[in-house]
Amino acid sequence: MNLIQKAEQKAIYFFEHDATGHDWQHTKRVTDTAVFLAETEGADTELCRIAALLHDVADDKFHDQDGDGLNYVQRWLKENDCPEKMQKDILSIINTVSFKGGHNKTPESLEAEIVQDADRLDAIGAIGTARCFMFAGAFNEAMHDPDILPKTYGSSKAYREEKSTAVNHFYEKLLTIKETLHTPAARTIGEERHMFMKRFLETFLGEWEGTAFNKENSTPKG
Ligand code: ADP
Ligand code: NI
């Protein structure tokens, strides 16, 4: 098995039981998108592929302390004979991927921009919408509550720990993603997905507020 195949196995095994939107299929979609973006933007495809495969294995959410995730992946790369320069490049990409309530580090290379774009594209559109409701369900959050308003988070810790609702998450994160995408190819895809989410919210809130019902009632009778 080469390093890419081993990284794939590692991610499949690592996310076997995840129900919070970070399953292996998320990693697979991010990897496919990252490879597509790398080919379109003329970046190092293999580097993007392996960093995307390992990006969530390194996420601190899955480790005891901040920083443990990156060390864990570094150890894994060493044990699997990854050349030192490549180790450094992979870790530098992974270090800037996660959103962290807007408190993430800035990507330092085209490859880092691409993997961050690919991860963020998976948080928006129809799939992003589905992931958002799955996440809210897994963490006992309401899908919507008009009395709870969207907020900004003072730190990545607050973003991770404070409760919100699925609908608020659109205003707190998902609708802001389009503007944070780096590469032109990702921006084109992001535009479509953004429009879908806006249509979805309009319909959802319309149904919630009874707009459809009221409209029907106010139709003039012939
Ligand atoms: P990341 O920093 O890698 O985006 P998150 O855990 O914040 O990781 O996100 C995982 C998925 O769950 C994403 O699709 C994200 O938009 C969604 N998500 C994160 N926080 C919430 C939340 N409070 N309510 C609903 N969905 C959420
Ligand atoms: Ni991810």
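Procedures and definitions
- Residues numbered from 1 in each chain as written.
- Chains lettered and ligands numbered in written order.
- Predicted model: local features only at pLDDT ≥ 70, side-chain atom pairs only at ≥ 80, totals over all residues.
- Heavy atoms only, no water.
- Core = buried A, V, L, I, M, F, W, Y, C linked by side-chain atoms within 4.5 Å.
- Buried < 20%, exposed > 50% of the residue type's maximum accessible area, 1.4 Å probe, protein only.
- Contact = heavy atoms within 4.5 Å.
- Donors = N, O, S within 2.8 Å, 3.2 Å for Na, K, Ca; no water.
- Helix = DSSP H or I, 4+ residues; strand = E, 2+ residues; numbered from the N terminus.
- Phe/Tyr/Trp six-rings, centres within 6.5 Å; stacked < 30°, edge-to-face > 60°.

This paragraph deals with the nonpolar core. Soluble globular proteins tend to pack their nonpolar side chains together in the buried interior. In terms of nonpolar packing, the biggest core is built from 50 residues, with L54, V73, L77, I90 and L174 touching the most fellow members. When neighbours within four sequence positions are excluded, L77 is seen to be in contact with L54, C82, Q87, I90 and L91.

For a metal with four donors in a tetrahedral arrangement, the ideal angle between donors is 109.5 degrees, while six donors in an octahedron ideally sit at 90 or 180 degrees. Every protein donor of the nickel ion (ligand 2) is accounted for by H26 (NE2), H55 (NE2), D56 (OD) and D119 (OD), and the metal-donor separations fall at 2.1 to 2.4 Å. Considered as a linear motif, the donors of the nickel ion (ligand 2) on their single chain read H-x28-H-D-x62-D. Of this pair, H26 sits in helix α2 (residues 24–41) while H55 sits in the loop between α3 (45–54) and α4 (68–79), placing them 29 residues apart in sequence. Here H26 and H55 have matching classes, each one buried.

The next thing to look at is the packing of aromatic side chains. Per the counting criterion, the structure on display carries nine aromatic pairs. Between F170 and F200 the ring centres are 5.9 Å apart and the planes differ by 25°, which places this aromatic pair in the stacked class. Taken as a pair, F170 in helix α9 (residues 166–172) and F200 in helix α10 (residues 184–209) lie far apart in primary sequence, 30 residues in all. For F170, a relative accessible area of 0% translates into the label buried. With a centroid separation of 5.9 Å and 15° between ring planes, the pair formed by F204 and W208 is classed as stacked. With a gap of four residues between them, F204 and W208 both fall in helix α10, about one helical turn apart. A relative accessible area of 40% places W208 in the partly exposed class. Of the aromatic side chains, those joined through ring pairs into one cluster are F133, F170, F200, F204 and W208.

Interpretation note: all reported values are geometric properties and have no functional meaning in isolation.
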